[in-house]
Amino acid sequence: MKTLFSELRAAVMVTLVLTVVCCGMYPLVVYGLAQTLFGDRANGSLIVDRAGVVRGSRLIGQGFAASKYFHPRPSAAGNGYDATSSGGSNLGPTSKRLADAVQERVAAYRKENGLKDTDLVPADAVTASGSGLDPHISVRNAGLQAPRVARTRRLSVEKVLALVRQNTEGPDLGFLGEPGVNVLRLNLALDSL
Amino acid sequence: MEAADWFQLVVYVAALAAITKPMGLYLMRVLDANGRTWLDPLLRPLERLTYRFVGVKPDCEQDWKQYTVAMLIFSLVSCLFTYAILRLQHLLPLNPQGFGALSPDLAFNTAVSFTTNTNWQSYSGESTMSYLSQMVALTLHNFTSAATGIALAAALVRGIARHSVKTLGNFWVDLVRVTYYLLLPICLVFAVVLVSQGMIQNFKPYTTAKLVEPMKISVAKVDQDGKPVTDKAGRPVMETHTVTEQTIVQGPMASQVAIKMLGTNGGGYVNANAAHPFENPTPLSNFLQMLSIFAIGSGLTYFLGRMVSNQAHGWSVWAAMMALFLGGVLLCWHSEAAGNPIHQQLGVAAADGNMEGKEVRFGVFNSALFATVTTDASCGAVNAMHDSFTPLGGFVPLFNIQLGEIIVGGVGAGLYGMLVFVILAVFIAGLMVGRTPEYLGKKIQSYEVKMAMLALLVLAVSILGFAAWAVVSSWGLAGLNNGGPHGLSEILYAFSSANGNNGSAFAGLTTNTPWWNTTLGLAMLTGRFLMIVPIMALAGLLARQKVSPPSAGTFPVAGGTFVGLLLGTILLVGALNFLPALTLGPVVEHLLMLHGKLF
């Protein structure tokens, strides 16, 4: 009984000590280092316009629907790109709801980008991402949207494609992951032309 | 399955192999109460101070019962501590979003979940947890549940390596040393590296951004009481809203994510876990996170070899793990790359594979690799939604968990789980040649085998029992997000994940209800503690034995024959336990998908 009590005391004390070290000192040291070394990133890689208004984060996707903008992937975060409720659709491979949605999105994608009924649509353009906040679309997806954006904005397709290339990120170190076009950055670049 | 992806796989395995020996050697020092490390000048005073404060004599070792009791008491106390914080969240500081207290069942589920190194999440982090809850209530367990797992593995290995003694080490010393010398220093560096990739670490309230293009969304209309309005046909009436702002999550994320990965915890800061662009910003951060999940577990196999003076045995265990790992990766990757034929018939490019629930920056390969790694280990972090994987792609994580997460495994838990299979394999080999089975000079007799089987059967009974209960009850079916065989997979996955202390999910299942929170909480406790007790009894028994010298009949525990026998044992036990259930879930769904059947 006596040993049991001393073990109980040890458990309480260890919990307190480790709380101070692991949950107090440790995150504060990381906080100090992060803010000193990578202040911009530690605070969310925010994009601020000339008027000082925050327009978003370089890492977090936003919804776009107008013809003059590149469109991001479908999003299952809240009602779409709601950054306070990240997540995927979690619909499975044999889900009728998912298949219906894909069918609708394929038709819409072909129509707005002037594709034929036999043209294959990039998978990322008609599926929701895991986070619902995916900032990227695939390079092929951007390439298929470029003529539409160029036409609406009365720009040459080459000019738009050059911007697409400038806003393509990855692969990291030349081999890790897939290249992706950052839609928010690309659209802001188009607006500032 | 392109060349560039194969190259990434090779780099990953090579990197893992390269860190295994240094990690193992470092573990030798950390897990020796008098071991010296280059961090001693900094940490030794802190360690001594801690012992004095706690009232522990570091030289005083414990037998298996004392060791286990200390571990259980500590788990209970720290679990109650977390429960209290979650229930009192609204009264505590560092809550800029003003989140309320968690309900009793959710707080129970979450406290148990983090104490058992499961990190199942019935809640969505960004809309539930204050900064204090994230940083203290949850992060504390990220450290201590990992350190506890490593301590237990060390105790079992000591039991195997020692002979004619009763003691296995001191739990408090192992807990403190692992936390101070192993977890904290690596996490400190790792967290800052993650911030360099774009992960956040601050204490600001959430940021409001003005959208570049205001977004029109269609939402269900509600009346004054907040009830949805329906038309004559009973369909919800929709109305259009214009959204002009986006609320961007902030907070101390990097410090929590570093230990979440290294300690194979897996509990996300935000709901989307490592799929979220803040929680896993780049393919490089993704690579480092995957490497950190396996780092300690892999190093522990080297530690095993070193401790028992049979390095070939350590590497053989590692090789068996890698064989199962590669098998899983290839099946999952192949299935995801082949994609969904139903969607391809609708006009989706087949070459892109299955992208539902995946991020562009990771693509099919890195999503499949991450899913395999996180379920081989008992991590449970996800960078893609397993619920939306193809049937066979989702089969891999599910089966990995059901095998007991012994493929590298959770820190510590993977090794002690694997050693149970090693003992079983040696026992079967002994039966085949008609000799008394021996493992590294220790006789494996009826009591040892009973304890090993008990540890395995607890898992199977609990997974299948709870899943069967959920399938025939209304509360179980109420949470489903998918119909048909995929619904069964969702339930099976939930209880496998809880019992296996994994924490990943087929996340369409809604589990934040009193029934689900309670049953999953019980499954997590069963999977952790009812498995640990027989294993610690086994450790105590092995430590007391004398060593008998190897004879002509001793089965060698290194080399190809041993690896083959070990793999056979693992797959046989796993298949016998779970194949019937898996056939009704992912296997049937795969066949139905090929025929274009929808639910």
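Residues numbered from 1 in each chain as written. Chains lettered and ligands numbered in written order. Predicted model: local features only at pLDDT ≥ 70, side-chain atom pairs only at ≥ 80, totals over all residues. Heavy atoms only, no water.

1. Quick look at the pairing of strand β2 (residues 54–57) of chain A
Residue and element names in this part refer to chain A. Where strand β1 (residues 46–48) lies against β2, three bridges are found, and the strand directions are antiparallel. Bridged to L46 within β2 is S57. Taking the residues that link successive antiparallel strands as the turn, the β1-β2 hairpin has five residues, and the phi of G52 there is positive, at about 85 degrees. (Pairing = 2+ DSSP bridges. Helix = DSSP H or I, 4+ residues; strand = E, 2+ residues; numbered from the N terminus.)

2. A short note on the nonpolar core
Counting 227 residues, the largest nonpolar core has W172, L182, L183 and Y439 of chain B as the members making the most contacts within it. In terms of residues, this core owes the most to one element, helix α5 (residues 131–161) of chain B, which gives 19 residues. Sequence-distant contacts of L182 of chain B, that is, excluding residues within four places in its chain, are made with M23, Y26, L27, V30, I150, R177 and I296 of chain B. Counting 19 residues, the second largest nonpolar core, distinct from the first, contains F64, A146, A150 and V160 of chain A. (Core = buried A, V, L, I, M, F, W, Y, C linked by side-chain atoms within 4.5 Å. Buried < 20%, exposed > 50% of the residue type's maximum accessible area, 1.4 Å probe, protein only. Contact = heavy atoms within 4.5 Å.)

3. Considerations on the interface of chain A and chain B
The partner chain B presents 112 residues to the 104 residues of chain A that form the contact. A combined buried area of about 8,600 Å² lies between chain A and chain B, and 66% of that area is made up of carbon and sulfur atoms. The largest share of the area that chain A buries against chain B comes from Y26, P93 and T94 of chain A, three residues that together contribute 9% of it. If you look at where chain A meets chain B, you find zero salt bridges. Where chain A meets chain B, there are 48 residue pairs in polar contact (both at pLDDT 80 or more). Those elements that place two or more of their residues in the side of chain A that touches chain B are α1 (2–37), α2 (39–42), β2, α3 (96–112), α4 (123–126), β3 (136–137) and α7 (183–191) of chain A. (Buried area = accessible area lost by both parts, 1.4 Å probe. Salt bridge = Lys/Arg side-chain N within 4 Å of Asp/Glu carboxyl O. Polar contact = N/O pair within 3.5 Å; in protein donor to acceptor, adjacent residues only side chain to side chain.)

4. Structural notes on a nonpolar patch on the surface
All names here are of chain A. Taken together, the side chains of F5, L8, V12 and L16 make up a nonpolar region of the molecular surface, amounting to roughly 360 Å² of accessible area. Here V12 is to be found in helix α1. V12 sits in the partly exposed class, given a relative accessible area of 36%. (Patch = residues over 30% accessible without salt bridge, like charges linked within 9 Å, V, L, I, M, F, W, Y side chains within 5 Å. Areas by Shrake-Rupley, 256 points an atom, 1.4 Å probe, with all protein chains shown as cover.)

5. Comments concerning the side chain of S462 of chain B
All names here are of chain B. Tracing the chain through its elements places S462 in helix α14 (residues 446–471). We classify S462 as buried; its relative accessible area is 7%. Polar side-chain contacts of S462 include one of 2.6 Å to the side chain of N499. In this structure, S462 is in contact with N499, A523 and T526, ignoring residues within four places of it in sequence.

6. Considerations on the sheet that holds β3 of chain A
Residues and elements named next belong to chain A. Across the sheet, three strands lie side by side as β3-β5-β4; this open sheet has antiparallel pairing. Pairing within the sheet leaves two strands with one partner each, and these edge strands are β3 and β4 (168–169). Looking at chain direction, β4 and strand β5 (residues 180–182) are connected through two bridges and run antiparallel. Residue T168 lies in a different strand from β5, and its bridge partner there is V181.

7. What to know about unusual backbone geometry
P171 of chain A follows G170 of chain A through a cis peptide bond whose omega is -5 degrees. The topology assignment puts P171 of chain A in the loop between β4 and β5. A positive phi angle, close to 45 degrees, is found at T264 of chain B, a residue other than glycine. Position of T264 of chain B relative to the elements: it lies in the loop between α7 (254–262) and α8 (283–307).

8. Thoughts on the domain arrangement of chain B
Along its sequence, chain B is carved into domain 1 (207–248) and domain 2 (414–594). A C-alpha centroid distance of 46 Å is found between domain 1 of chain B and domain 2 of chain B. (Domains from an automatic or database assignment.)

9. A look at helix α5 (residues 139–153) of chain A
Residues and elements named next belong to chain A. Given a rise of 1.5 Å per residue, 15 residues ought to cover 21 Å, and the 20 Å separating the end C-alpha atoms of α5 matches this to within 8%. Along α5, the largest kink reaches about 35 degrees and is centred on Q145; proline P147 follows within four residues of it. Looking at the packing, one finds that the buried side of α5 touches α3, α4, β3, α6 (157–166), β5 and α7. Residue R154 follows α5 closely and has a positive phi angle near 55 degrees. (Expected span 1.5 Å × (residues − 1). Bend = angle between axes of the 7 residues up to and from the residue.)

10. Description of the domain arrangement of chain A
Per the domain assignment, the segments making up chain A are domain 1 (2–42) and domain 2 (46–191). Centre-to-centre, using C-alpha coordinates, domain 1 of chain A lies 41 Å away from domain 2 of chain A.

11. Examining the environment of E336 of chain B
All names here are of chain B. Position of E336 relative to the elements: it lies in helix α9 (residues 311–338). With a relative accessible area of 0%, E336 lands in the buried category. Taking the C-alpha atoms as reference points, E336 and G394, 58 residues apart in sequence, are found 9.1 Å from one another. Beyond its immediate stretch of four places on either side in the chain, E336 contacts G353, N354, K358, V364, F389, T390 and G393. Looking at E336, its side chain comes within polar contact range of the side chain of K358, at 2.6 Å.

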